[in-house]
Amino acid sequence: MILDIISKKANKYELTKEELETIFLGYLKDEVKDYQMSAFLMAICINDMSDSEIFALTDIFIKSGDILDLSFIDDIKVDKHSTGGVGDKTTLIVAPLVASCNIPVIKMSGRGLGYTGGTIDKLESIPGFVVDLSEEKIKKQAKDIAIVVTSQTKDLAPLDKKVYALRDVTATTNSIPLIASSIMSKKIAGGADKIVIDIKVGNGALIKTKEAAERLSSLLIKIGTYYQKEVRTVISNMDRPLGHNIGNKLEVMEALDVLKGNVKGELLDLSLELASKMVSLGKGISEKEARKEVTENLENGKALNKFLEFVKYQHGDIDNLNIEAKIYNIKSNKNGVLKDINALAIAKLSESLGAGRKSKDDKIDYNAGIVIKKDIGEEIKEGDILATLYTNIDDPKFNLEKIFEIS
Ligand code: URA
């Protein structure tokens, strides 16, 4: 039976929901083996999935675990997701911005596996910050201050987690239908009414081409429509890191700077765009009207105050965000103009400094990371500092030419 299902997909036939259930639920119960699921996932990568197969798979993922009930909040709940990027600290900026506009943000976030930390790692780098809240605490905090970011208390889409771990080691992570059902199953199980998704595209992202990003965008919207959840997407560049700081504590510092109004550029623009889409969905107003409100709350300090209130509520001590690490500078070895900063190379360097995890039990050094000191298009002189590295390892290794393109 399992072999019939695998060969049906390998021969480009459409599978029924029952067939998908047989193989995926069998995998969850360890009846279907890793090697069988690997072959099946590769057949999906090569032969794609129809819309009805994608809806069926999303449903199977959702029903494999808990579904969060956020009905204790009357307002529309809007969630945000990013497909993952280097220096992506937008949740830390966007969540308080949106909450300051009176749209509740209740977010279950993950730790990062791979080159950089996830939102939970970034928040946990704030001394004292508590990331694992009980359901009672989540409810109280949501009612009191309209913003909660917590690690997953419930077992949301455990089948996706198991399949994702296998995709990670079988070169099947970049299948667009698999990505779409993976993301949407977690968002729907997470209880949101409306969802904004930031699709990262570029060398530092899972999705490498604009065409693939556009296909993913249309699938995410279709799955949302199927579940009566409005989805809006943003496709944003990940050939270069987002912002200047990479690494957990350093990213919190940059997010704080954005909320203080001290940072302009791509990070601010993307944060405003995501927040405007969320407020527009939450209030049923145009994105233009929402952007006005969001920008006002950035400028009048309400978003910053919401962030400080949120950190304090979860016991974080933002005034003691000191970096305890040794400092190394990367200096330019020539004159020229900074043409490019390679996101993937920066991510690998950041991980080697201690800011990421290779396996899920690795410990992150929250102090480790990189601050990029120059912007694309800037004139560079030999000896100029291009980046500062923070690490507790001795003598970090890096390849200047792989990271910075100067000509
Ligand atoms: N993010 C997810 O949650 N799942 C994927 O498959 C890819 C990115």
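Residues numbered from 1 in each chain as written. Predicted model: local features only at pLDDT ≥ 70, side-chain atom pairs only at ≥ 80, totals over all residues. Heavy atoms only, no water.

### Examining the pairing of strand 5 (residues 230–237)
With eight bridges joining them, strand 4 (residues 194–201) and strand 5 adopt parallel strand pairing. Residue pairing in the sheet places isoleucine 195 in a bridge with valine 231 of strand 5. Handedness of the crossover joining strand 4 and strand 5 through helix 10 (residues 210–226) is recorded here as right-handed. (Pairing = 2+ DSSP bridges. Helix = DSSP H or I, 4+ residues; strand = E, 2+ residues; numbered from the N terminus. Right-handed = clockwise from strand over helix to strand, strands pointing away.)

### Looking at the sheet that holds strand 9 (residues 369–372)
Strand order in the open sheet formed by four strands is 6-9-11-7, with antiparallel pairing between adjacent strands. Both outer strands of the open sheet, strand 6 (245–246) and strand 7 (326–331), are each paired with one neighbouring strand and no more. Of the strand pairs in this sheet, strand 9 and strand 11 (residues 385–391) are connected by four bridges, and their pairing is antiparallel. In the strand pairing of strand 11, isoleucine 372 is matched with alanine 387. Relative to the sheet, helix 15 (residues 343–353) contacts strand 6, strand 7, strand 9 and strand 11, its axis offset from that of strand 9 by approximately 135°. (Contact = heavy atoms within 4.5 Å. Axes fitted to C-alpha atoms, helices over the stretch in contact; angles between N-to-C directions.)

### Quick notes on the environment of tyrosine 328
Among the structural elements, tyrosine 328 can be located in strand 7. Distance in space between the C-alpha atoms of tyrosine 328 and alanine 165 is 35 Å, their sequence separation being 163 residues. The contacts of tyrosine 328, once residues within four sequence positions are left out, are Ala387, Thr388, Leu389, Thr391, Ile393, Asp394, Asp395 and Pro396. A polar atom in the side chain of tyrosine 328 sits 3.2 Å from the backbone nitrogen of aspartate 395. (Polar contact = N/O pair within 3.5 Å; in protein donor to acceptor, adjacent residues only side chain to side chain.)

### Brief notes about the domain arrangement of the protein chain
With domains assigned, the protein chain is organised as domain 1 (2–47), domain 2 (78–318) and domain 3 (322–406). Spacing between the C-alpha centres of domain 1 and domain 2 amounts to 32 Å. At the junction of the two partners, domain 1 supplies 12 residues and domain 2 supplies 10 residues. Buried area between domain 1 and domain 2, summed over both chains or domains, comes out near 1100 Å², and the portion from carbon and sulfur atoms is 81%. Seen at the junction of domain 1 and domain 2, the total is one salt bridge. A salt bridge links aspartate 30 to lysine 162, with the nearest nitrogen and oxygen atoms 2.5 Å apart. Summed over the shared surface of domain 1 and domain 2, the result is two residue pairs in polar contact (both at pLDDT 80 or more). (Domains from an automatic or database assignment. Buried area = accessible area lost by both parts, 1.4 Å probe. Salt bridge = Lys/Arg side-chain N within 4 Å of Asp/Glu carboxyl O.)

### Some remarks on unusual backbone geometry
Phi is positive for aspartate 30, which is not a glycine, with a value near 65°. Relative to the helices and strands, aspartate 30 resides in the loop between helix 2 (17–28) and helix 3 (34–47). Its identity is not glycine, yet alanine 171 carries a phi of approximately 55°, on the positive side. As for its position among the elements, alanine 171 is in the loop between helix 8 (158–168) and helix 9 (176–189). In this structure alanine 171 comes out as exposed when scored by relative accessible area, which is 59%. (Buried < 20%, exposed > 50% of the residue type's maximum accessible area, 1.4 Å probe, protein only.)

### A short note on the sheet that holds strand 8 (residues 336–341)
Reading across from one edge, 10-8-12 is the order of the three strands in this open sheet, with antiparallel pairing throughout. Edge positions in the sheet fall to strand 10 (379–380) and strand 12 (404–406), since each has one partner strand and no second. Pairing of strand 8 with strand 12 involves three bridges; the strand directions are antiparallel. Considered in strand 12, the bridge of aspartate 340 is made with glutamate 405.

### Re the side chain of arginine 357
Tracing the backbone shows arginine 357 in the loop between helix 15 and strand 9. Within polar-contact distance, the side chain of arginine 357 engages the side chain of aspartate 121 at 2.8 Å.

### Quick notes on the site of the ligand
If you check the shell around the ligand, you find Tyr164, Arg167, Ile179, Ser182, Ile183, Lys186 and Leu206 and nothing else. Measuring from an oxygen atom of the ligand, one finds a side-chain N or O atom of arginine 167 at 2.9 Å. Considered on its own, the ligand offers 240 Å² of accessible surface; in the complex 90% of this is hidden by protein. Elements that contribute at least two residues to the shell around the ligand include exactly helix 8 and helix 9. Examining the composition of the shell around the ligand, we find that four residues originate from one element, helix 9, more than from any other. (Near = heavy atom within 4 Å. Areas by Shrake-Rupley, 256 points an atom, 1.4 Å probe, with all protein chains shown as cover.)

### Brief notes about the side chain of lysine 80
Among the structural elements, lysine 80 can be located in strand 1 (residues 78–82). Buried charged residue lysine 80 carries no salt bridge. Nearest counter-charge: aspartate 88, at 4.8 Å. Only 3.1 Å separates the side chain of lysine 80 from the side chain of threonine 90, close enough to count as a polar contact. In terms of polar contacts, lysine 80 uses its side chain to reach the side chain of threonine 91, at 2.8 Å. If near-sequence neighbours (up to four positions away) are discounted, lysine 80 is found in contact with Thr90, Thr91, Val94, Lys107, Lys187, Val196, Leu274 and Met278. (Lys, Arg positive; Asp, Glu negative; His and termini not counted.)

### Here's the deal with the nonpolar core
Phe307, Phe310, Ile370 and Phe404 are the most contacted members of the largest nonpolar core, which has 72 residues in total. Per element, the largest residue contribution to this core is nine residues, and it comes from helix 12 (residues 266–283). Built from parts of two domains, this core gets at least three residues from each of domain 2 (78–318) and domain 3 (322–406). By size, the runner-up hydrophobic cluster in this structure holds 44 residues, among which are Ile23, Phe61, Val201 and Leu220. (Core = buried A, V, L, I, M, F, W, Y, C linked by side-chain atoms within 4.5 Å.)

### Looking at the packing of aromatic side chains
Counting across every chain of the model gives six aromatic pairs. Summarising the aromatic geometry, the rings of phenylalanine 24 and phenylalanine 40 are spaced 5.7 Å apart at their centres and angled 70° between planes, so their arrangement reads as edge-to-face. Taken together, the positions of phenylalanine 24 in helix 2 and phenylalanine 40 in helix 3 put the pair 16 residues apart, joining distant regions of the chain. Comparing phenylalanine 24 with phenylalanine 40 shows no difference in burial state: the two are buried. Ring centres of phenylalanine 55 and tyrosine 226 lie 4.3 Å apart, and the angle between their planes is 15°; this geometry places the pair in the stacked category. With phenylalanine 55 in helix 4 (residues 51–63) and tyrosine 226 in helix 10, this residue pair connects regions lying 171 residues apart in the sequence. In this structure phenylalanine 55 comes out as buried when scored by relative accessible area, which is 16%. For tyrosine 226, a relative accessible area of 48% corresponds to the partly exposed category. An aromatic cluster is present here, built from Phe24, Phe40 and Phe61 joined pairwise through their rings. Note that lysine 162 overlies the ring of tyrosine 27, its terminal NZ or CZ placed 4.5 Å from the centroid. (Phe/Tyr/Trp six-rings, centres within 6.5 Å; stacked < 30°, edge-to-face > 60°. Lys NZ or Arg CZ within 6 Å of the ring centre and 35° of its normal.)

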